[in-house]
Amino acid sequence: MLAAKAIPRPSIPQTLAFPNPSIRSSHKPSILSTSCLKSSSQSVLTEAISTTPAKTRVKILSEALPFIQKFRGKTVVVKYGGAAMKSEALQKSVIADLVLLSCIGLRIVFVHGGGPEINQWLNRLGIKPNFLNGLRVTDESTMEIVSMVLVGKVNKNLVGLINKAGATAVGLCGTDGRIFTAIPSPNAAQLGFVGEISSVDTSVLRPLINDNLIPVIASVAADGTGQSYNINADTAAGELAAALGAEKLLLLTDVAGILENKDDPESLVKEIDVKGVKKMMEEGKIAGGMIPKVNCCVKSLSQGVKTASIIDGRLEHSLLLEVLTDEGAGTMITG
């Protein structure tokens, strides 16, 4: 098993001594994550330029350069949800991160769910949300609300925020261009219109990605007859990352990552391989809601994705920490 890597960050005696983007550090967040990046792409630039000394700004850029060089032109699939979706401040942070990463040449694909918003609208309409083993029980009326909220409201709101921040986003759902073709879940009798993905077609996405646009994809899909299904957003992101041959899959979550001891928040495993993570599951160290996320990562790695990370969406600018520093913001799983 490849255990957590606690490799100290190399000493940087000069500004142009670059860190190794393939090695994780256990040090605290660098100045990149704490001094220069705030709530939106415009305020990031304005505030950083006005308050950060010029030499510090140059040092920030020089430390980020190896990571920019490594990931420029590469496809990165981000699954958005959890605390980062519920907090306005964290939402602005995520949007700013996406725009910055797009501006430096990463090809971003943004997949989202929207559970809290769905629950709010179900409650408004007098429909009680029901769950079975963590999955939403989705009858016909609930499926209609899921589609309306995810595709018509959450998706378009995210597109608007990204466009406002300076990038260009295109809102889609899994039904558009048959990006995802769904089949009923094996537990369809209990879960209703909860689906799994039988195939992925990226032909409608590739021109957008090649033109440096950001596809924003709601996790709703249809089967061959046109029946809509609610798809788990983690699963959708993992399947899409594999189909696109993505460099990285990033799952934003409400936890720090994979813990060596699930009762000790300080026991974060920063990097682990597939063999190691399977052993942790066998030993019961990975349990509950973390199991489907880990399985999603393992499956995407087996299909060609280079790395998959479960990152802490509660951290401000967690995406930048994960992509542009050697510290990361959670657990990176390698093939």
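In this report, the structure presented in the accompanying data block is examined. These numbers come from a predicted model, not from an experiment.

**Side note on the pairing of strand β13 (residues 307-312)**
And step 1. The element β13 is extensively covered by neighbouring structure, given that 6 of its 6 residues are classed as buried.
And step 2. Here β13 shows two buried faces, one formed by Thr307, Ser309 and Ile311 and the other by Ala308, Ile310 and Asp312.
And step 3. Looking at chain direction, strand β11 (residues 248-253) and β13 are connected through 6 bridges and run parallel. Bridge pairing in β13 places Leu252 opposite Ile311.

**Let's talk about the environment of Ile217**
And step 1. For Ile217, the position within the fold is in strand β8 (residues 214-218).
And step 2. Given the relative accessible area of 0%, Ile217 is considered buried.
And step 3. In this structure, Ile217 is in contact with Val109, Phe110, Val111, His112, Asn155, Leu172, Cys173, Gly174, Phe180, Leu205 and Leu240, ignoring residues within four places of it in sequence.

**Focus: the pairing of strand β2 (residues 107-112)**
And step 1. With 5 of its 6 residues buried, β2 lies for the most part within the structure.
And step 2. Pairing analysis gives 6 bridges linking strand β1 (residues 75-80) to β2, with the strands arranged parallel. Opposite Val76, over in β2, you have Ile108 as the bridge partner.
And step 3. Across 3 bridges, β2 lies against β8 in parallel orientation. Within the sheet, the bridge partner assigned to His112 lies in β8 and is Ala218.

**Looking at helix α7 (residues 140-164)**
And step 1. The end-to-end C-alpha distance of α7 is 35 Å, a good match for the 36 Å that 25 residues give at a rise of 1.5 Å each.
And step 2. Considering bend angle alone, the principal kink of α7 is centred on Leu150 and spans about 30 degrees.

**A look at the packing of helix α5 (residues 88-103) against α7**
And step 1. Running from N to C, α5 and α7 point in directions that differ by 60 degrees, and their axes come no closer than 9 Å. In terms of orientation, α5 and α7 fall into the oblique class. Note on packing geometry: the crossing formed by α5 with α7 is right-handed. Here Gln91, Ile95, Leu98 and Val99 of α5 come into contact with α7, specifically with Asn157, Leu158, Leu161 and Ile162.

The rules behind each value
- Residues numbered from 1 in each chain as written.
- Predicted model: local features only at pLDDT ≥ 70, side-chain atom pairs only at ≥ 80, totals over all residues.
- Heavy atoms only, no water.
- Buried < 20%, exposed > 50% of the residue type's maximum accessible area, 1.4 Å probe, protein only.
- Helix = DSSP H or I, 4+ residues; strand = E, 2+ residues; numbered from the N terminus.
- Pairing = 2+ DSSP bridges.
- Contact = heavy atoms within 4.5 Å.
- Expected span 1.5 Å × (residues − 1).
- Bend = angle between axes of the 7 residues up to and from the residue.
- Axes fitted to C-alpha atoms, helices over the stretch in contact; angles between N-to-C directions.
- Parallel < 35°, antiparallel > 145°, perpendicular 65-115°, else oblique.
- Left-handed = near helix turned anticlockwise from the far one by under 90°.

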